[in-house]
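As a plain string of letters, each chain reads:
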Amino acid sequence: MLKPLSKKLNAFFITTIMLIITSIMIILCKNYIHMEQSNEIIFFQKMATQMIYQLEDSSQDFRSIADFYHEYRHSIFCYIQDTSGKMIYQTDSDFPTDADTLLERFRIQTDKEDTFIITNDSKPTTDQSGIFEFHGTRNDEYLGILATIVWRTAFSDLDNFYGQCNSPFHKQ
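Source: prediction; values computed, not measured. (Residues numbered from 1 in each chain as written. Predicted model: local features only at pLDDT ≥ 70, side-chain atom pairs only at ≥ 80, totals over all residues. Heavy atoms only, no water.)

## Let's talk about the overall build of the protein chain
We count it as follows: The helix count covers DSSP runs of H or I at least four residues long, the strand count covers runs of E at least two residues long, and both are numbered beginning at the N terminus. Burial classes: relative accessible area under 20% of the type maximum marks a residue as buried, over 50% as exposed, and values in between as partly exposed (1.4 Å probe, protein chains only). Any two residues whose heavy atoms approach within 4.5 Å are treated as being in contact.
The number of helices and strands found in the protein chain is three helices and five strands. The order of helices and strands in the protein chain, counted from the N terminus, is α-α-β-β-α-β-β-β. Taking all 172 residues of the protein chain together, the buried fraction comes to 33%. Excluding contacts between residues fewer than 6 apart, the proportion of contacts in the protein chain whose partners are at least 24 apart in sequence is 54%.

So, in structure tokens, the structure goes:
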């Protein structure tokens, strides 16, 4: 009678230990995924900020700067327009969703939230919004940053998009 009870208690003990180990592994995986997503957002924000500084202060042509970031290890889509809304420059889109749809969804997302507004038109400043997350048409996810860049003689708006990988273990 003690032998069957001992086997049942042994099985219960092993099951409990395995559940504890499984729970710890799930928590570690969730933390890893969250950390990877946070790192990806920080990376994109730093790249966009660096690009904005280069566009603002550089003597280089803005096309070469935008193309450099577009051809970087992680492709960034750039759309530059003047204050009247006329497109100045746009990089090629290497994403599954076409560029016009991305721009439309990004504008919808930015309209939902308060973004910065230049209040002193006599002395405009370069400014950058926070990061917006939105989805494409093929279950793809994107990050976007809206910025106003002051050039030597005028200022314009810059939209940056960065495609997120769907799997946190996916190497780009």
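## Topic: a nonpolar patch on the surface
Defined as follows: The patches described consist of residues with a relative accessible area above 30% and no salt bridge, like charges being joined within 9 Å and nonpolar side chains (Val, Leu, Ile, Met, Phe, Trp, Tyr) within 5 Å. With residues, only the protein chains shown are counted as cover, and all accessible areas are computed by Shrake-Rupley using a 1.4 Å probe. Put simply, a salt bridge is a Lys or Arg side-chain nitrogen that is within 4 Å of an Asp or Glu carboxyl oxygen.
Residues Phe 13, Ile 14, Ile 17, Met 18, Ile 20, Ile 21, Ile 24, Met 25 and Leu 28 make up a contiguous nonpolar surface patch of roughly 860 Å² in combined accessible area. Inspection of the secondary structure assignment puts Met 18 in helix H1 (residues 2-57). Residue classification places Met 18 among the partly exposed positions, given a relative accessible area of 46%.

## Notes on the side chain of Gln 109
Here Gln 109 lies in helix H3 (residues 99-112). Since its relative accessible area comes to 18%, Gln 109 is described here as buried. Once you skip the residues sitting within four places of it in the chain, Gln 109 turns out to touch Phe 132 and Glu 133.

## Focus: the pairing of strand E2 (residues 87-90)
Counted only if it meets this: The criterion for strand pairing is that DSSP finds at least two bridges linking the strands in question.
As paired strands, strand E1 (residues 76-82) and E2 are joined by three bridges and run antiparallel to one another. Within the sheet, the bridge partner assigned to Gln 81 lies in E2 and is Met 87. Between the antiparallel neighbours E1 and E2 lie four residues, among them Gly 85 with a positive phi of about 95 degrees.

## Topic: the packing of aromatic side chains
Quick note on the threshold: Any two of the Phe, Tyr and Trp rings considered here, Trp counted by its six-membered ring, make a pair once their centres fall within 6.5 Å; the pair's planes then place it as stacked at under 30 degrees, edge-to-face at over 60, or tilted in between.
For the coordinates displayed, the defined rule picks out four aromatic pairs. Consider the rings of Phe 95 and Tyr 142, whose centres lie 5.1 Å apart with planes at 75 degrees: the pair is edge-to-face. Of this pair, Phe 95 sits in the loop between E2 and H3 while Tyr 142 is found in strand E4 (residues 141-150), placing the two residues 47 residues apart along the sequence. Measuring from centroid to centroid gives 5.9 Å for Phe 134 and Tyr 142, while their planes differ by 25 degrees, and the two rings are stacked. Pair check on accessibility: Phe 134 and Tyr 142 agree, each one buried. In textbook terms, an aromatic cluster arises when at least three aromatic residues are bridged by ring pairs, as seen for Phe 95, Phe 106, Phe 132, Phe 134 and Tyr 142.

## Topic: the environment of Asp 92
For Asp 92, the position within the fold is in the loop between E2 and H3. Spatially, the C-alpha atoms of Asp 92 and Ile 76 are 9.3 Å apart, while their sequence positions differ by 16 residues.

## Digging into unusual backbone geometry
Of note, Asn 139 is a non-glycine position whose phi angle comes to about 60 degrees, a positive value. Within the secondary structure layout, Asn 139 lies in the loop between strand E3 (127-135) and E4. A relative accessible area of 60% places Asn 139 in the exposed class.

## Some points on the pairing of E4
Across the 10 residues that make up E4, a large majority, nine, are buried. Pairing geometry for E3 and E4, over seven bridges, is antiparallel. Residue pairing across strands places Asp 127 opposite Thr 148, the latter belonging to E4. The turn linking E3 back onto E4 is made up of five residues, and Asn 139 within it adopts a positive phi angle of 60 degrees.

Don't take any of this as a statement about function, it's just geometry.
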